[in-house]
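Each chain, letter by letter, is given below.
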Amino acid sequence: MLEIKNLQVKLEDEDKQILKGVDLTVEPGRVHAIMGPNGSGKSTLSYVLSGRDGYTVTGGTASLDGHDLLDMEPEERAAAGLFLAFQYPVEIPGVGNMTFLRTALNAQRKARGLDEVSAGEFLKLVREKAKTLKIDAEMLKRPVNVGFSGGEKKRNEILQMAVLEPTMCILDETDSGLDVDAMRLVADGVNSLRDEGRGFLVITHYQRLLDHIKPDVVHIMADGRIIKTGGPDLALEVEKNGYADILAETA
Amino acid sequence: MAAPMRKDDGRLAATEARIAALDLPKGGFSAAARAEALKRLRAMGLPGRRDEYWKYTDPSALAANEAPEAAVFATDEAQVFGAVDRLTLVFQDGVFDAAASDDLTLAGVEITRLAETARTDIHWAQDLYGVLEARGQTPVARPFAALNTAAASDGVLIRVSGKAAKPVHLVYRHGSPLSDAILHHCVKVEPGAELTLLETGPAAARFNKVLEVDIAEGGKFHHVRAQGRDHERRAITHIFARIAGGALFKSFTLTVNGQMTRNECVMEIVGDDAVAHVAGAALGDGATGRFHHDDTIFITHDAVGCESRQVFKKVLKNGATGVFQGKILVKPGAQKTDGYQISQALLLDEDSQFLAKPELEIYADDVQCSHGSTTGAIDETALFYLRSRGVPREEATALLILSFLADAIAEIEDERLADDIVSRLEAWLARRKG
Ligand SMILES: Nc1ncnc2c1ncn2[C@@H]1O[C@H](COP(=O)(O)OP(=O)(O)OP(=O)(O)O)[C@@H](O)[C@H]1O
Ligand SMILES: [Mg+2]
């Protein structure tokens with residue numbers, strides 16, 4: 001479903017190449033993990049896929065279900081089924097969490113030619129999803145992410161994912177900042193969304209998350225490229241030995 | 001009374017010419033106040049660009065003998081607050097329209113038209129008409145308010161003795177491209193009484209309005225207004241409020257469009273533990289006509305333990321200009337004052353500008369006063385976050401604009417009124433995407 005071919009990206013304002021030819025294909029129903037040293041370009045990849053400003057694609061392609069992602073506005077990508085759980089979720093003072101979620105859900109439905117959900121249905125839907133993620137009603141009432149703890153912000157990302165039901169989910173370090181229990185909640189949230197039609201790209205530094213969200217494929221990214229791809233064992237190897245061996249081996 | 005702003009022959013001649021062009025009503029009970037006001041105006045003279053409080057706003061169109069033309073804006077939008085149960089009084093180009101208005105009877109409230117008092121020599125409003133305006137001329141001269149007191153052709157005199165059964169709504173319609181309206185309202189809220197006053201509409205090509213509000217002990221006055229959408233209209237409005245002990249004054253103004261608006265609000269807190277809040281949200285798009293919006297606020301704390309808030313937000317694009325001049329004066333002895341002032345502008349492009357002059361003058365030592373002013377653009381990170389969740393750019397921008405305005409709108413206590421204001425805003429934003 002997600003097909004990235006030889007993707008090359010530089011910063012718009014600086015002559016700095018960040019992605020130097022990324023190849024990656026995520027099939028429906030599969031969970032791919034990306035690990036890699038700090039600064040290797042993992043977040044950049046997720047931002048470029050979701051359409052953030054500030055980057056220039058200098059080569060390659062990225063498509064979702066055959067649609068050229070790079071040609072779409074961020075909102076069109078979302079409507080096409082792409083979702084990014086941000087490494088650093090954004091605070092939006094003055095916009096209530098519920099308003100935000102409802103506006104997003106209805107905008108996506110509208111883009112897909114569906115009717116808006118009624119206020120009642122929406123409330124029911126969110127309450128149910130929030131409950132499983134242990135997000136209380138008070139948090140739902142607050143402005144988006146304002147005053148949320150790091151872990152609460154991450155859980156809020158997963159709540160959005162659960163409500164919007166995207167087909168291609170990218171999770172950028174959703175495990176960082178989570179305590180052990182929250183990690184389990186988030187993993188359960190992700191696992192409950194796993195199905196044949198949905199793909200996942202999970203960016204993480206730690207094997208811990210992958211204990212809960214079992215990946216089918218693990219990629220190692222370094223210096224703007226995927227330098228190694230393997231099975232779940234690859235994550236265990238990184239956990240044990242770090243990146244030195246892999247980097248040396250592919251250098 | 002303020003000293004003459006400048007001994008300037010040109011100014012005096014212009015002022016005399018303006019006065020000569022005025023149609024001065026006889027007055028009845030207000031005759032003396034009108035004569036006094038005329039004297040004040042003569043002494044002050046009409047303002048010019050060189051006056052300190054007119055640096056950012058050009059008063060010439062307001063001062064001109066004739067109202068500059070302003071096209072009438074046709075809209076099929078429903079009346080603001082139309083769904084609220086209220087008493088409606090309609091002014092068409094500054095002339096009271098009895099047929100379009102409700103009866104002037106309302107439980108807890110006594111309403112008289114100013115124009116009907118031309119032969120009334122004794123009236124309760126005698127203690128109020130022009131009185132607060134005259135007090136408000138010190139230390140800053142407000143010549144257009146004096147002109148208004150002298151020349152107002154009509155207005156309403158509202159005495160509130162209990163809790164008003166429903167809001168009083170003044171609807172200002174603009175039907176003639178050359179109309180020049182001067183209205184003067186007085187509201188007296190007696191001890192413990194309560195009124196909500198609504199004002200909506202463009203009123204005229206040029207509108208000069210004064211609202212004097214005297215709130216006695218424990219009285220409450222809520223004011224919500226939406227200035228009309230006519231692109232070319234001009235307005236100079238003044239609120240003069242005197243707030244007694246334990247009383248509450250809350251005013252909110254929404255301004256969209258209008259080529260020139262100056263809203264002055266002069267509040268004087270004279271009794272302990274009183275509350276005075278004034279807020280405004282202004283949105284202007286230079287693409288559909290010039291937009292110049294000026295909020296000039298002066299609040300005097302002259303009592304102990306009082307709270308004042310000024311919350312002003314402006315959203316400007318395509319060469320629109322926003323002005324904020326706000327002052328908090330804490331007099332000696334006004335201890336435990338809690339004064340807050342914020343003025344913020346959201347500039348949607350680089351052509352627009354916001355000019356702010358916040359001032360604090362404090363003569364008491366045990367007070368808490370803060371003021372802040374910011375100018376910023378749309379938060380691109382927040383915008384991307386919203387878009388990444390599927391919210392289209394225009395809608396996301398509108399959401400961020402509404403969130404920017406939220407603190408000002410929160411000053412409206414009545415939820416129905418606040419909701420109505422929000423839906424007006426949403427409609428305005430939806431009409432001009434991007
Ligand atoms: N807007 C930017 N301005 C300057 N440098 C940038 C920008 N965006 C990314 N970079 C640089 O690009 C490189 C890749 O950054 P990126 O955030 O994609 O790394 P990452 O793999 O997600 O790292 P981490 O594991 O620390 O989250 C880094 O060197 C980073 O400093
Ligand atoms: Mg990262």
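Here, the structure is the one placed above.
These figures come from a predicted structure and were not determined experimentally.

Caption draft 1: The arrangement of unusual backbone geometry in detail. Put simply, T138(B) and P139(B) share a cis peptide bond, and its omega is 0°. Examined against the element boundaries, P139(B) turns out to sit in the loop between α4 (131-135) and α5 (143-151). In this model, N6(A) sits at a positive phi of 45°, which is unusual for a non-glycine residue. Mapped onto the elements of the fold, N6(A) is located in strand β1 (residues 2-11). For N6(A), a relative accessible area of 36% puts it in the partly exposed group. Residue K336(B) is not a glycine yet carries a positive backbone phi of 60°. Within the secondary structure layout, K336(B) lies in the loop between β17 (321-330) and β18 (338-347). Overall, the relative accessible area of 54% leaves K336(B) in the exposed class.

Caption draft 2: Structural view of the interface of chain A and chain B. Taken together, the contacts link 29 residues of chain A with 16 residues of chain B. Summing both partners gives a buried area of about 1900 Å² for chain A against chain B, and 66% of it is carried by carbon and sulfur. Between E73(A) and R387(B) there is a salt bridge; the shortest N-O distance is 2.5 Å. At the boundary of chain A and chain B, one finds eleven residue pairs in polar contact (both at pLDDT 80 or more). Of all the secondary structure elements, the ones that give two or more residues to the side of chain A that touches chain B are α1 (42-50), α2 (74-79), β6 (82-85), β7 (92-96), α3 (97-111) and α6 (150-164) of chain A. When residues in the side of chain A that touches chain B are grouped by element, the largest group, six residues, is from α3(A). Looking at side-chain class alone, the side of chain A that touches chain B contains 17 nonpolar, eight polar and four charged residues.

Calculation criteria
- Residues numbered from 1 in each chain as written.
- Chains lettered and ligands numbered in written order.
- Predicted model: local features only at pLDDT ≥ 70, side-chain atom pairs only at ≥ 80, totals over all residues.
- Heavy atoms only, no water.
- Helix = DSSP H or I, 4+ residues; strand = E, 2+ residues; numbered from the N terminus.
- Buried < 20%, exposed > 50% of the residue type's maximum accessible area, 1.4 Å probe, protein only.
- Contact = heavy atoms within 4.5 Å.
- Buried area = accessible area lost by both parts, 1.4 Å probe.
- Salt bridge = Lys/Arg side-chain N within 4 Å of Asp/Glu carboxyl O.
- Polar contact = N/O pair within 3.5 Å; in protein donor to acceptor, adjacent residues only side chain to side chain.
- Nonpolar A, V, L, I, M, F, W, Y, C, P; charged D, E, K, R; others polar.

Take it as geometry only, folks, not as evidence of what the structure does.
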